[in-house]
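Read off the chains here:
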Amino acid sequence: MILIKLGGSIITNKGKAQSARRKTIDNILKQIKKINEPKILVHGGGSYGHYWSVRYDMHTKPARYSLKGLSVVKNSMIELDKIILENAAKNKLNPYSLPPTDFMNANKSIRNKIQKIGEIAESGLTPITYGDALWYGQKKSYILSGDIIMTTIAKVLKPRLSIFVLNVDGGCNWRNDSKTYRSNKDVKVWPEGVFRKR
């Protein structure tokens, strides 16, 4: 099983509100279709959710953030997810949308629901979830990032590989819970979103 994060900076134009990079999304999903094993996709918010969460000063720590901000972030993420789902269907990935509320309660993961995500992926469907603004309770909300979702799913499902599709060359290594970035001349991100070894 492979867990893949589509970074918001590569699937959207981060400087312009709600601006998806549709050709890039399509090219990335064409490459993902070539992976012949179960896969789970997680996408970030970029110029959708991330853009609005910054504007409304929302963070990962639960607090009493603007209700309007919560609504705007959540609805923008649904809009971006719809774009990803449509492109995944076009590329015959059999997308299966999973809002984070399907496997999160407040800011705690639900282990048996994450195990179900693995079962869905093993069936031939491609589960797709995303970073989002979530209700915490007690009039509080918070931002659940795609990176946290990646970690949460990986701890339960133990994928063979976790891939982060970003708009920078190089690779990220995790060793004993410490994240380090290293440049890797063998990994290149091409502007159209196609990834090749040099």
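Residues numbered from 1 in each chain as written. Predicted model: local features only at pLDDT ≥ 70, side-chain atom pairs only at ≥ 80, totals over all residues. Heavy atoms only, no water.

Participant: Just checking my understanding: could you explain the pattern of salt bridges for this structure?
Facilitator: Should their charged atoms come close, side chains of opposite charge can pair. Tallied over the entire structure, the rule returns seven salt bridges. The salt bridge partner of Arg-160 is Glu-37, with a shortest N-O separation of 2.7 Å. Taken together, the positions of Arg-160 in the loop between α6 (146-157) and β9 (161-165) and Glu-37 in the loop between α2 (22-33) and β2 (39-43) put the pair 123 residues apart, joining distant regions of the chain. Residues Glu-86 and Lys-82 are paired through a salt bridge, measuring 3.0 Å at the closest nitrogen-oxygen approach. Pair noted here: Glu-86 and Lys-82 are both in helix α4 (residues 67-90), with a separation of four residues, about one helical turn. Taken together, the shared-partner salt bridges in this structure form one network comprising Asp-26, Lys-30 and Lys-90. (Salt bridge = Lys/Arg side-chain N within 4 Å of Asp/Glu carboxyl O. Helix = DSSP H or I, 4+ residues; strand = E, 2+ residues; numbered from the N terminus.)

Participant: Whenever I open this one, the environment of Tyr-56 confuses me. Can you help?
Facilitator: Among the secondary structure elements, Tyr-56 is positioned in the loop between α3 (49-55) and α4. For Tyr-56, a relative accessible area of 22% gives the class partly exposed. Put simply, Tyr-56 and Val-72 are 16 residues apart on the chain and 9.1 Å apart in space, counted from C-alpha to C-alpha. Residues contacting Tyr-56, with those up to four places away along its chain left out, are Ser-66, Lys-68, Gly-69 and Val-72. (Buried < 20%, exposed > 50% of the residue type's maximum accessible area, 1.4 Å probe, protein only. Contact = heavy atoms within 4.5 Å.)

Taken by themselves, the reported measurements are silent on function.
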